[in-house]
Every structure is written in C-alpha cells, then in structure tokens.
Amino acid sequence: MCSLKNLEAQIVRFRDEREWKIYHTPKNLAISLIIELGELLEHFQWKTDEEILSAVRDEAKRKEIAYEIADVAIYLILLSHELGVDLEKAIVEKLQVNGEKYPVEKVKGELFKEFSRV
Ligand SMILES: [Mg+2]
C-alpha cells in the first residue's frame with residue numbers, strides 16, 4: 001500500500017538528495033504547482049470533453065497526462081510538507097466539512113436542476 005505519508009517521504013527524500021530544498025520556499029512551490037497545472041491544461045486546451053476522453057484512450061497520451069497530474073500532486077505534497085500541513089488529515093477533515101455543508105439529501109440532483117433552468 002502506498003499511503004500519502006509514504007509518498008511524501010519518498011518525494012522529500014528525492015528532493016533532499018539533490019539539495020533542492022533551498023529552492024522550495026512556499027511561494028516557489030505554489031508557483032511551480034500552478035505551472036504544472038498549466039502543463040496539464042495544455043492537453044485540454046481547445047478540446048471538447050469528448051475529445052479529451054477520446055485522447056486518453058491512447059496509452060501514450062494517457063501517460064503524458066498522468067505524468068502532468070503526478071507533477072501537480074508532487075508539488076502539492078511538497079507545498080503541504082513545507083507549510084506543516086498534514087495533507088491526508090486536511091483532506092479527510094475538508095470532506096467532513098463539505099459533507100456537512102452539502103448533505104446528500106439536500107443537494108443530490110439540485111445542480112442538474114439549476115443547469116436545466118438556464
Ligand atoms: Mg510537468
């Protein structure tokens with residue numbers, strides 16, 4: 001099993017072995033996160049959802065996209081690490097908060113109704 005904590009340790013070790021920590025300030029990591037997100041979005045630019053879903057049926061294309069998603073995740077994990085945020089705990093807590101804000105019985109199907117009115 002590859003837990004988030006285990007991944008974080010691997011990513012930090014990879015970074016520290018190369019002595020890149022000096023560059024990994026919160027601001028630089030946040031900027032890098034957005035740059036990697038931009039690289040992911042390049043795969044989607046000017047395409048419809050159908051074209052994107054069709055493209056990822058190609059294994060090589062899916063791998064390119066997967067690597068960009070991985071780059072985003074790596075920077076997100078590094079940013080959380082540098083800020084002392086337990087990302088796994090934060091995600092679990094935020095899902096709880098979102099669940100209380102949007103109870104299934106109140107919101108299920110409501111978004112579709114909103115779009116139908118437009
Ligand atoms: Mg990249």
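Note that the structure is predicted; figures quoted are calculated from it, not measured. (Residues numbered from 1 in each chain as written. Predicted model: local features only at pLDDT ≥ 70, side-chain atom pairs only at ≥ 80, totals over all residues. Heavy atoms only, no water.)

K.L.:
Break down the packing of helix α1 (residues 4–17) against helix α4 (residues 59–83) for me, citing the residues and quoting the values.
P.N.:
Contact geometry of α1 with α4 gives a least axis separation of 10 Å together with a crossing angle of 90°. Compared by their axis directions, α1 and α4 come out roughly perpendicular. Residues Leu-4, Glu-8, Ile-11, Val-12 and Arg-15 of α1 pack against Ile-74, Ile-77, Leu-78, His-81 and Glu-82 of α4. In the contact of α1 with α4, the residues fall into six nonpolar, one polar and three charged. (Axes fitted to C-alpha atoms, helices over the stretch in contact; angles between N-to-C directions. Helix = DSSP H or I, 4+ residues; strand = E, 2+ residues; numbered from the N terminus. Parallel < 35°, antiparallel > 145°, perpendicular 65-115°, else oblique. Contact = heavy atoms within 4.5 Å. Nonpolar A, V, L, I, M, F, W, Y, C, P; charged D, E, K, R; others polar.)

K.L.:
Could you give me a rundown of the environment of Val-97, with the residues and numbers involved?
P.N.:
Topologically, Val-97 is positioned in helix α5 (residues 87–101). Along the backbone, Val-97 and Arg-57 are 40 residues apart, and their C-alpha atoms lie at a distance of 35 Å.

K.L.:
Can you tell me about unusual backbone geometry, naming the residues and giving the values?
P.N.:
The backbone of Glu-19 shows a phi angle near 55°, a positive value even though the residue is not glycine. For Glu-19, a relative accessible area of 66% puts it in the exposed group. The backbone of Trp-46 sits at a positive phi, close to 70°, despite the residue not being glycine. Summarising the element assignment, Trp-46 is placed in the loop between α2 (26–42) and α3 (49–55). Overall, Trp-46 belongs to the exposed group, its relative accessible area being 77%. (Buried < 20%, exposed > 50% of the residue type's maximum accessible area, 1.4 Å probe, protein only.)

K.L.:
Tell me about the domain arrangement of the protein chain, and name the residues and values.
P.N.:
Each assigned domain of the protein chain is listed here: domain 1 (4–85) and domain 2 (86–118). On a C-alpha basis, the centroid separation for the pair domain 1 and domain 2 is 25 Å. Between domain 1 and domain 2, a total of about 500 Å² is buried, with carbon and sulfur atoms accounting for 63% of that surface. Viewed at the interface, domain 2 and domain 1 are joined by one salt bridge. Residues Lys-5 and Asp-86 are paired through a salt bridge, measuring 3.5 Å at the closest nitrogen-oxygen approach. Remark: the boundary between domain 1 and domain 2 carries two residue pairs in polar contact (both at pLDDT 80 or more). When residues of the side of domain 1 that touches domain 2 are traced back to their parent elements, those giving at least two are α1 and α4. Top contributing element to the side of domain 1 that touches domain 2 by residue count: α4, with three residues. Across the side of domain 1 that touches domain 2, the residue classes break down as four nonpolar, two polar and one charged. (Domains from an automatic or database assignment. Buried area = accessible area lost by both parts, 1.4 Å probe. Salt bridge = Lys/Arg side-chain N within 4 Å of Asp/Glu carboxyl O. Polar contact = N/O pair within 3.5 Å; in protein donor to acceptor, adjacent residues only side chain to side chain.)

K.L.:
Can you lay out the coordination of the magnesium ion for me, pointing to particular residues and giving the numbers?
P.N.:
Donor atoms from the polypeptide that bind the magnesium ion are Glu-36 (OE), Glu-39 (OE), Glu-68 (OE) and Asp-71 (OD), placed at 2.1 to 2.2 Å. Here the donor residues of the magnesium ion share one chain and are spaced in sequence as E-x2-E-x28-E-x2-D. Note that Glu-36 is positioned in helix α2 and Asp-71 in helix α4, a separation of 35 residues in sequence. (Donors = N, O, S within 2.8 Å, 3.2 Å for Na, K, Ca; no water.)

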